[in-house]
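Spelled out from the first residue to the last, the chains are:
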Amino acid sequence: MYLKDSKTIVVKIGSSLLINDKKIIRDKWLSEFSKDVKKLQRLKKNLIIVSSGAIALGCKKLKLNKKNLKLDKSQAVASVGQIELMNLFKKTFGSKKINLSQILLTLEDTEQRRRAINAKRTFENLFNLGFVPVVNENDSIATTEIKYGDNDRLASRVAQISGADCLILLSDVNGLYSKNPKIDKNAKLIKEIKNIDEKIEQIATRSIGEHGTGGMKTKIDAAKICQISGCHMAIANGLINRPIQNILDNNLCTWFLPKISKLDARKKWIISSISPKGQLIIDDGALNALKNGKSLLAAGIKEVKGQFNKGDHIKILDKNMVEFARGLSSFTSDEISIIKGKHSNKISNLLGYISKSEVIHKDDMVKV
Ligand code: GLU
């Protein structure tokens, strides 16, 4: 089963799961959901929660109606509501001894390679610390033109960046049905989708989705991002108690299957950027280390060519100028000129600030 086999899991919960139409907070649901989180932790999964609700809870606190909000006001409302949201999580999850952290992202953070790499490292460090990151869009900063606006697509990007194996979008329906289940008795839940063809797109457009910002359309967009990221995605009913346990027990949901493997997706992402901006020439010791799957350290770098920034795509050549690999640099070319040939523990002194020790992390490298 896809969920059982996944190591890193992203779960997206919409506002309507946290607060009902009458603006009453669904404490009981969140408390049941926290049991699901505890269970995933016991199964040694890495978990990220993408949660909406900042605007809805901000409106509740300020006694405003969400429908009449203008963008600039909604940004202030989100700023008020985000604390309410995290307090709600903290209160509920704290009683189960689940440690939480908060990450607010903008569209640019997820689209720009350098920021995305940083976000990936932060997620990894939080997993190692045993914390569950709770992610939302930074609604107080994002403007209409550069905004996701819905957490379905944001969640799929988070899944892509964090290298998640599966994303679960908790909705108010069991998944995607062949016909409208509310009016057609013959409607069947589609259990697995390999190809998002025209027929699926049409079903999604007609579907009665959740009341949140997205509806089914943004869920399909999210599925497309997951498919090319090597990530499984499920649309499942979140309105019931213990929705994750329910997927584990009954698998009552719609799964979208990835088109390529996670590894191929990552490699593609690394080398998909505009042509390499520079080159690093390395010594035999470093070459051997890379052949053994290690990261590239400054000590093994003989020469740096070209001008590039952190996160840029560069080539790694051996001493005979034969290309061995490509990767994303954790340092600028100017910084590498200063630290090349030096031991990692000298880097902070040489640059004047504390920094990573790998010049190219093994996860950011593809052998050619
Ligand atoms: N980021 C928004 C919030 O927290 C919600 C976006 C959505 O509904 O998907 O209120």
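Before reading further, recall that the structure is shown in the block above.
J.: Requested: an account of the overall build of the chain, with residues and values cited.
T.: Tallying secondary structure elements over the chain gives 15 helices and 15 strands in all. Scaling as 2.2 N^0.38, a compact globule of 368 residues should have a C-alpha radius of gyration of about 21 Å, and the chain matches this with 23 Å. In terms of overall dimensions, the chain has a C-alpha envelope of 70 × 45 × 40 Å along the principal axes. Within the chain, buried positions represent 51% of all 368 residues. Looking at the chain alone, contacts between residues at least 24 apart form 72% of all its contacts between residues at least 6 apart. Per element, the accessible surface of the chain, about 17600 Å² overall, is 51% carbon and sulfur. Across the chain, the centroid of the 64 positively charged side chains sits 5 Å from that of the 38 negatively charged ones.

J.: Go over the side chain of Gln75 with me, naming the residues and quoting the values.
T.: Relative to the helices and strands, Gln75 resides in helix α5 (residues 71–94). The buried category is assigned to Gln75, whose relative accessible area is 14%.

J.: Quick rundown of unusual backbone geometry? Include the residues and the values.
T.: Not every positive phi belongs to a glycine, and Lys44 is a case in point at roughly 65 degrees. The exposure class assigned to Lys44 is exposed, which follows from its relative accessible area of 61%. Non-glycine residue Arg242 carries a positive phi angle of around 50 degrees. Along the chain, Arg242 turns up in the loop between β7 (232–237) and α11 (243–250).

J.: Which residues make up the pairing of strand β4 (residues 132–137), and what values do they have?
T.: In terms of residue burial, β4 counts as a mostly covered element, since 6 of its 6 residues are buried. Neither face of β4 is open: one carries Val132, Val134 and Asn136, the other Pro133, Val135 and Glu137, and all of them are buried. Two strands pair when backbone bridges link them, and strand β2 (residues 46–51) and β4 are joined in this way by 2 bridges, in the parallel orientation. For Ile49, the partnering residue across the bridge sits in β4 and is Val134. Pairing of strand β3 (residues 100–105) with β4 involves 6 bridges; the strand directions are parallel. Bridge pairing in β4 places Ile103 opposite Val135.

J.: Please set out the nonpolar core residue by residue, giving values where relevant.
T.: Formed by 38 residues in total, the largest nonpolar core has its most connected members in Val135, Val158, Leu167 and Met233. Residue assignment for this core shows that the elements contributing at least two residues are β2, β3, α7 (113–129), α8 (151–162), β5 (166–171), α9 (198–206), α10 (215–227) and β7. Counting residues in hydrophobic clusters, the runner-up holds 36 residues, among them Leu17, Leu30, Ile49 and Leu88.

J.: Quick rundown of the sheet that holds β2? Include the residues and the values.
T.: Read from one edge of the open sheet, 8 strands run β3-β4-β2-β1-β5-β7-β8-β6, paired in mixed fashion. Lying at the two open borders of the sheet, with one neighbouring strand each, are β3 and β6 (192–193). In the packing of α8 onto the sheet, contacts are made with β1 (8–13), β2, β3, β4 and β5, and the angle to β1 comes to roughly 170 degrees. In the packing of α11 onto the sheet, the strands contacted are β1, β5, β7 and β8 (253–256), and the crossing angle to β5 comes to about 115 degrees.

J.: I'd like a description of the environment of Val366, backed by residues and values.
T.: Positionally, Val366 belongs in strand β15 (residues 365–367). Since its relative accessible area comes to 8%, Val366 is described here as buried. Separated by 147 residues in sequence, Val366 and Lys219 place their C-alpha atoms 31 Å apart. Excluding its chain neighbours within four sequence positions, the residues that come into contact with Val366 are Lys267, Ile270, Ala325 and Arg326.

J.: Describe the packing of aromatic side chains, naming the residues involved and giving the relevant values.
T.: In this structure the tally under the stated criterion is 4 aromatic pairs. Measuring from ring centre to ring centre gives 5.2 Å for Trp29 and Phe33, while their planes differ by 5 degrees; the resulting arrangement is stacked. Residue Trp29 and its partner Phe33 are both found in helix α3 (residues 27–42); the two are separated by 4 residues, about one turn of the helix. The residues Trp29 and Phe33 share a single accessibility class, namely buried. Through a chain of ring-to-ring contacts, three or more aromatic side chains come together here, namely Trp29, Phe33, Phe89 and Phe93.

J.: With reference to specific residues and values, describe helix α13 (residues 284–291).
T.: Residues of α13 that are buried: Ala286, Leu287 and Leu290. The buried residues of α13 occupy an angular sector of 105 degrees when projected down its axis, which confines them to one face. Looking at the buried positions of α13, the neighbouring elements they touch are β9 (278–282), β10 (296–297), β12 (313–317), β13 (323–328) and β15. Looking at where α13 begins, the residue whose side-chain oxygen comes 3.2 Å from the main-chain nitrogen of Gly285 is Asp283. Positioned one or two residues after α13, Gly293 has a phi angle of 80 degrees, which is positive.

Cut-offs and rules
Residues numbered from 1 in each chain as written. Predicted model: local features only at pLDDT ≥ 70, side-chain atom pairs only at ≥ 80, totals over all residues. Heavy atoms only, no water. Helix = DSSP H or I, 4+ residues; strand = E, 2+ residues; numbered from the N terminus. Rg over C-alpha atoms; globule rule 2.2 N^0.38 Å. Buried < 20%, exposed > 50% of the residue type's maximum accessible area, 1.4 Å probe, protein only. Contact = heavy atoms within 4.5 Å. Areas by Shrake-Rupley, 256 points an atom, 1.4 Å probe, with all protein chains shown as cover. Lys, Arg positive; Asp, Glu negative; His and termini not counted. Charge placed at Lys NZ, Arg CZ, Asp CG, Glu CD. Pairing = 2+ DSSP bridges. Core = buried A, V, L, I, M, F, W, Y, C linked by side-chain atoms within 4.5 Å. Axes fitted to C-alpha atoms, helices over the stretch in contact; angles between N-to-C directions. Phe/Tyr/Trp six-rings, centres within 6.5 Å; stacked < 30°, edge-to-face > 60°. Arc of directions from axis to C-beta. Polar contact = N/O pair within 3.5 Å; in protein donor to acceptor, adjacent residues only side chain to side chain.

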